[in-house]
Each structure stands twice: as structure tokens, then as C-alpha cells.
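A structural walkthrough
Now for the letters of each chain:
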Amino acid sequence: GQAAGRLLATELRGLRQHLRRADNLIVKISLARLVERNLQWQALLYRHGLLPAVGESAPVELAERSLLQPLQHEFAGMAQMFAELRGDPEADWGERLQLRLWFKPQMTINAALPPYLRLAELLQLEPDAFVEALPQAAPMKPSIGWRNRVGDILLSIGGHGIEQGAQEATASVRLQSG
């Protein structure tokens, strides 16, 4: 039990160090899950009397819980995809015509930005304030017009990913702070 506890403590320090440096959203969420699993194992070993009571762990640092840089990368990738969508060489002439008529890349990028900005702003808050403020965050709102119909559809699909990511972040923050 003691050896397992030492290994888990060492692993947790390493995971938290990687979590501080992670700049990719998927990596950050995956590392948060690994931290959660590590803590669950430590709690299980403690409940079965295989580990002594663990002292209070270091509080979660802003660099560990922040998704600012991963969100910036995520938004940049999405914006690049929208900007390049019209120039798809595999699209036939009908698809290219429809994209020209019903897809405005810059309008789509502009409409996608506010939820990212709001989430990035929220992520600077302390965990309790973040969890409290998150339900008040405005969802991504497509323009609901014919000028950018394709962009509106893409945003309505992508908006669910941001909301799910925000829910994942909330759960992770709750676990790591309490």
C-alpha cells in the first residue's frame, strides 16, 4: 500500500506539471481526467486502510485549471477551417456555388468568437466563482439569416462542443478544488 501511495503521489506531481504546460484542449482535458483517476485511486486505497491519511494537497493553480491557451488554439483552428472551407478543391461546381452564396467565412468566425471570449474570461476566475458564473454564459448564437445559412448550421453544430467542453471544465474544476 505504501509503495502504491508513493507511486501515485509521484504520478500526481508529474500529471499536474504536465497540466500546467498543456496547450491543447484535448490534452488538457485528458490530463485532468488522469488527475481525477489518480485521486480516486488514492481515496480508494485510503478507504481500505492501505494508505495513511494524506495531508492537504497543494491548491490547484491558475496554470493548471486555465484553458485560455488551449481555447486560443482551438479557436484559431476553427477560424482557419472556416476561412479555407470555400476553397475546397474536392467540391464540385454546385457545392462551390452554394458556398459562395450561403457561406460567409468572416461572419461565421465573428459569430463564433464571443463564446470563446466569455469562456476564457470565466476561466480566470477562482473555481467556485467559475462554477457559479458558467450557467450565465451566453451560448453561441447563429445569425439566423439566409446570407450565411451554411455558417449558421456549422455554428449550431460547433456550439454544442463548446457547451460540452465547458461542462467538462466545470466538472474538472469541481473535482480538483474540492
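1. Describing the overall build of the protein chain
Counting its secondary structure elements, the protein chain contains eight helices and zero strands. N-terminal to C-terminal, the α/β element order of the protein chain is α-α-α-α-α-α-α-α. Looking at the protein chain as a whole, 34% of its 178 residues are labelled buried. In the form shown here, the protein chain has an accessible surface area of approximately 11,300 Å², with 59% of it arising from carbon and sulfur atoms.

2. Remarks on the nonpolar core
Core analysis: the biggest nonpolar cluster contains 20 residues, and Leu71, Phe75, Met78, Phe82, Leu119, Leu123 and Phe130 have the highest contact counts within it. Counting only elements with at least two residues in this core, the list comes to helix H4 (68-85), helix H6 (105-122) and helix H7 (127-133). Leaving out residues up to four positions away in the same chain, Phe75 has contacts with Ile109, Ala112, Leu113 and Tyr116. Ranked by size, the runner-up nonpolar core spans six residues in total, among them Leu12, Ala22, Leu31 and Val35.

3. Quick word on the packing of H4 against H6
Between H4 and H6, the shortest axis-to-axis distance is 10 Å and the interhelical angle comes to 170 degrees. The pairing of H4 with H6 is recorded here as roughly antiparallel in orientation. Taking contact as the criterion, the partners of Leu68, Leu71, Glu74, Phe75, Met78, Ala79, Phe82 and Ala83 in H4 are, on H6, Pro105, Thr108, Ile109, Ala112, Leu113, Tyr116, Leu119 and Ala120. For the contact of H4 with H6, the residue count by class is 14 nonpolar, one polar and one charged.

4. Here we look at the side chain of Asn148
When you line up the elements, Asn148 lands in the loop between H7 and helix H8 (149-177). Given the relative accessible area of 2%, Asn148 is considered buried.

5. Some points on the confidence of the model for the protein chain
Interpretation of the predicted coordinates at a detailed level should be avoided for regions scoring low in pLDDT. On average, the protein chain scores 82 in pLDDT, and the residues at 70 or more come to 84%. Averaged over each element, pLDDT in the protein chain is lowest for H8 (64) and highest for helix H1 (residues 2-21) (93).

6. So, the packing of aromatic side chains
Taken as a whole and assessed by the stated rule, the structure comprises two aromatic pairs. On the numbers, 5.1 Å between centres and 65 degrees between planes, the contact of Phe75 with Tyr116 is edge-to-face. One end of the pair, Phe75, is in helix H4; the other, Tyr116, is in helix H6, and 41 residues separate them in sequence. On the basis of relative accessibility, which here comes to 9%, the residue Tyr116 falls in the buried class. Taking 6.4 Å as the distance between ring centres and 65 degrees as the angle between the ring planes, the aromatic pair formed by Phe82 and Phe103 counts as edge-to-face. Linking Phe82 in helix H4 with Phe103 in the loop between helix H5 (93-102) and H6, this pair joins segments that are 21 residues apart in sequence.

7. Details of the layout of surface pockets
By volume, the largest pocket is sized at about 520 Å³. Lining of the largest pocket is provided by 19 residues; of these, Leu12, Gln42, Val54, Gly55 and Ser57 occupy positions nearest its centre. Elements with a contribution of two residues or more to the lining of the largest pocket: H1 and helix H2 (25-47). By residue number, the principal contributor to the lining of the largest pocket is H1, which donates eight residues. Its residues placed into classes, the lining of the largest pocket shows ten nonpolar, five polar and four charged.

8. What about H1?
Along its 20 residues, H1 runs 29 Å from first to last C-alpha, staying within 8% of the 28 Å computed at 1.5 Å per residue. Turning to H1, its buried residues are Gly5, Leu8, Leu12, Leu15, Arg16 and Leu19. End-on view of H1: buried residues confined to an arc of 100 degrees, all on one side of the axis. With respect to the buried face of H1, the exposed residues turned more than 90 degrees away are Arg6, Leu7, Arg13 and Arg21.

Rules used throughout
- Residues numbered from 1 in each chain as written.
- Predicted model: local features only at pLDDT ≥ 70, side-chain atom pairs only at ≥ 80, totals over all residues.
- Heavy atoms only, no water.
- Helix = DSSP H or I, 4+ residues; strand = E, 2+ residues; numbered from the N terminus.
- Buried < 20%, exposed > 50% of the residue type's maximum accessible area, 1.4 Å probe, protein only.
- Areas by Shrake-Rupley, 256 points an atom, 1.4 Å probe, with all protein chains shown as cover.
- Core = buried A, V, L, I, M, F, W, Y, C linked by side-chain atoms within 4.5 Å.
- Contact = heavy atoms within 4.5 Å.
- Axes fitted to C-alpha atoms, helices over the stretch in contact; angles between N-to-C directions.
- Parallel < 35°, antiparallel > 145°, perpendicular 65-115°, else oblique.
- Nonpolar A, V, L, I, M, F, W, Y, C, P; charged D, E, K, R; others polar.
- pLDDT = per-residue confidence, 0-100.
- Phe/Tyr/Trp six-rings, centres within 6.5 Å; stacked < 30°, edge-to-face > 60°.
- 1 Å grid on protein atoms, 1.4 Å probe; cavity = no way out; pocket = protein on both sides within 12 Å on 5 of 7 lines; lining within 4 Å.
- Points joined across faces, edges and corners; volume = space filled by probe spheres on them.
- Expected span 1.5 Å × (residues − 1).
- Arc of directions from axis to C-beta.

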